[in-house]
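# Coordinate inspection notes
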Amino acid sequence: MLVLCRNPSTAAKIIFELTHNLTIFSFSASISLIRQSSSSLNSHFFPRPSIQTRVVLICDDDVEIDSKSINFAFRIWQSNLDRLIGFFARLHDIDLSSKEWIYIVHPEKYSIVLTKFMIFKYMGKERRKKKKKREKKKNKSTRVI
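A brief report on the enclosed structure follows. (Residues numbered from 1 in each chain as written. Predicted model: local features only at pLDDT ≥ 70, side-chain atom pairs only at ≥ 80, totals over all residues. Heavy atoms only, no water.)

## Side note on the environment of Phe74
With respect to the element layout, Phe74 can be found in helix 2 (residues 67–79). A relative accessible area of 33% means that Phe74 is categorised as partly exposed. Each C-alpha atom of the pair Phe74 and Gly86 lies 9.8 Å from the other, and the pair is twelve residues apart in sequence. In contact with Phe74, not counting residues within four places along its chain, are Val55 and Ile119. (Helix = DSSP H or I, 4+ residues; strand = E, 2+ residues; numbered from the N terminus. Buried < 20%, exposed > 50% of the residue type's maximum accessible area, 1.4 Å probe, protein only. Contact = heavy atoms within 4.5 Å.)

## Things to note about the sheet that holds strand 7 (residues 112–113)
Strand pairing within a sheet occurs via backbone hydrogen bonds; the two strands may be parallel or antiparallel. Ordered in space as 6-5-7, the three strands form an open sheet in which the pairing is antiparallel. Two strands lie at the open edges of the sheet, namely strand 6 (100–104) and strand 7, each paired on one side alone. As paired strands, strand 5 (residues 89–95) and strand 7 are joined by two bridges and run antiparallel to one another. Bridged to Ala89 within strand 7 is Val113. (Pairing = 2+ DSSP bridges.)

## Remarks on the sheet that holds strand 4 (residues 85–86)
Across the sheet, which stays open at both edges, the three strands sit in the order 3-8-4 with antiparallel pairing between neighbours. The open sheet has two edge strands with one neighbour each: strand 3 (55–59) and strand 4. Across two bridges, strand 4 lies against strand 8 (residues 117–121) in antiparallel orientation. Following the sheet pairing, Gly86 is matched in strand 8 by Met118. Packing of helix 2 onto the sheet brings it into contact with strand 3, strand 4 and strand 8, and relative to strand 8 it is tilted by some 30°. (Axes fitted to C-alpha atoms, helices over the stretch in contact; angles between N-to-C directions.)

What follows is the structure, given as structure tokens:
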């Protein structure tokens, strides 16, 4: 389990308590806590050599999702491995009066998923290299002369 702490001003005591609580409930999974140097949302998406799994779940610290919902999201992801799965969908649109992009909650349409909670396939550097090799080999074998 890799935990990213995006708030550089979080007290060491809170970090310790978080690590302790996660250790209790992790069922022997190893836990790595990384304190980020900034609160940038982009830090979610930096490549991390320590990730040795095919799937990543991102959950912001202000989001509480029950285990049934997490299991549901994971099952949906398993049936769509190349898709990003999340609960916080929004519709982006343009506000014609201000000529600015907005995003709204719409019951029937969405075009983006917020990064508050999401599951997606992780393609680390080594996996990307292997995938490129496979695609290159496949393209050579299907080339029409």
